[in-house]
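# Architecture at a glance
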Amino acid sequence: MAAKYGLLGTLGAAAIAGVFALTVALVGKGGDEQQHAGSTDSPRTSVSSPSGGDSVPSKVLPTATEDKPSTPSGESGASDQQGSRPMRLVSPSCDKALVIDFDSDRLVKQVVVDDLPPDEAAKLDLIYSGCGAPTMRLGDDQAGGILAKGSPATEGACEAAAQGGGLEEIQWDTDALREQQIIAGAALCVITDEGRVAMAKVVKIGRNGAPDDFAVSSWP
């Protein structure tokens, strides 16, 4: 009788242990499923590094800005200089002269100087005349000089050259022009009757040894 009750006690303990083990397994499985479901609710993203190493957070690129060129400074009159204009001189005829007015839209005209009204004659900056031995001379009320080759092509430099004189009257032949250094790169500078500073830069020397092509600039 005692042996019978001992066997029943052993079987009962084994059954209880089995139920407990099954309960623990079911609870553990439910926790794993809940944890897996929770991980899908808030996915985490990362950017892989090019080398395949640890992931790195994405970077915000800076906004591109436009570079604006700075305004050059220190050049006297550069901001007020008008665009250069071409000017060509041909040999004047014996009865007429080539007259130059840097304030006019038409730089060069061929006229009979003595026939000009006084108010027009007063506006002439340079007069190129003479068919045998041509000369270049200033107008009656203008100041003019020569800006040497290699000098700064600025208003201040040209004004100083004009005030220094030298263009009152020049023989426009090869020897005199070389002596005065009126060569390619040099310039004739004049203060006009309207107060402008005009620069006629020699671009090319003609076959006769005299300059025939100029680039004209003026301030203001």
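Residues numbered from 1 in each chain as written. Predicted model: local features only at pLDDT ≥ 70, side-chain atom pairs only at ≥ 80, totals over all residues. Heavy atoms only, no water.

A separate point is the overall build of the protein chain. When helices and strands are counted, the protein chain shows four helices and 10 strands. Helices and strands appear in the protein chain in the N-to-C order α-β-β-β-α-β-β-β-α-β-α-β-β-β. When each of the 220 residues of the protein chain is scored for burial, the buried share is 28%. Sequence-distant contacts in the protein chain: of pairs separated by 6 or more residues, those separated by 24 or more amount to 51%. Of the roughly 14600 Å² of accessible surface on the protein chain, a fraction of 54% belongs to carbon and sulfur atoms. (Helix = DSSP H or I, 4+ residues; strand = E, 2+ residues; numbered from the N terminus. Buried < 20%, exposed > 50% of the residue type's maximum accessible area, 1.4 Å probe, protein only. Contact = heavy atoms within 4.5 Å. Areas by Shrake-Rupley, 256 points an atom, 1.4 Å probe, with all protein chains shown as cover.)

Considering the arrangement of structural elements, one finds Pro220 in the segment after strand 10 (211-219). By relative accessible area, which is 53% here, Pro220 ends up exposed. Once the C-alpha coordinates of Pro220 and Glu155 are considered, the two residues, 65 residues apart in sequence, prove to be 8.7 Å apart.

What follows is about the nonpolar core. Phe102, Leu126 and Trp172 are the most contacted members of the largest nonpolar core, which has 24 residues in total. Elements represented by at least two residues in this core include exactly strand 2 (97-100), strand 4 (126-129), strand 5 (135-138), strand 8 (187-191), strand 9 (197-205) and strand 10. By residue number, the principal contributor to this core is strand 9, which donates three residues. Not counting residues up to four positions away in its chain, the partners in contact with Phe102 are Arg85, Met87, Leu107, Asp125, Leu126, Val190, Thr192, Ala198, Ala200 and Val216. Formed by 10 residues, the second largest nonpolar core is a distinct cluster that contains Ala162, Ala187, Val197 and Trp219. (Core = buried A, V, L, I, M, F, W, Y, C linked by side-chain atoms within 4.5 Å.)

Below, the discussion takes up the environment of Pro211. Its place among the elements puts Pro211 in strand 10. Residues in contact with Pro211, not counting those within four places in the same chain, are Trp172, Leu177, Ile182, Val202, Lys204, Ile205 and Gly206.

What follows deals with the state of the cysteines. This model, assessed by the stated rule, comprises two disulfides. The disulfide partner of Cys94 is Cys131, and the S-S distance across this bridge is 2.0 Å. Taking the sign of the S-S torsion, about 105 degrees here, the bridge from Cys94 to Cys131 comes out right-handed. With Cys94 in the loop between strand 1 (85-88) and strand 2 and Cys131 in the loop between strand 4 and strand 5, this pair connects stretches of sequence that are 37 residues apart. (Disulfide = S-S within 2.5 Å.)

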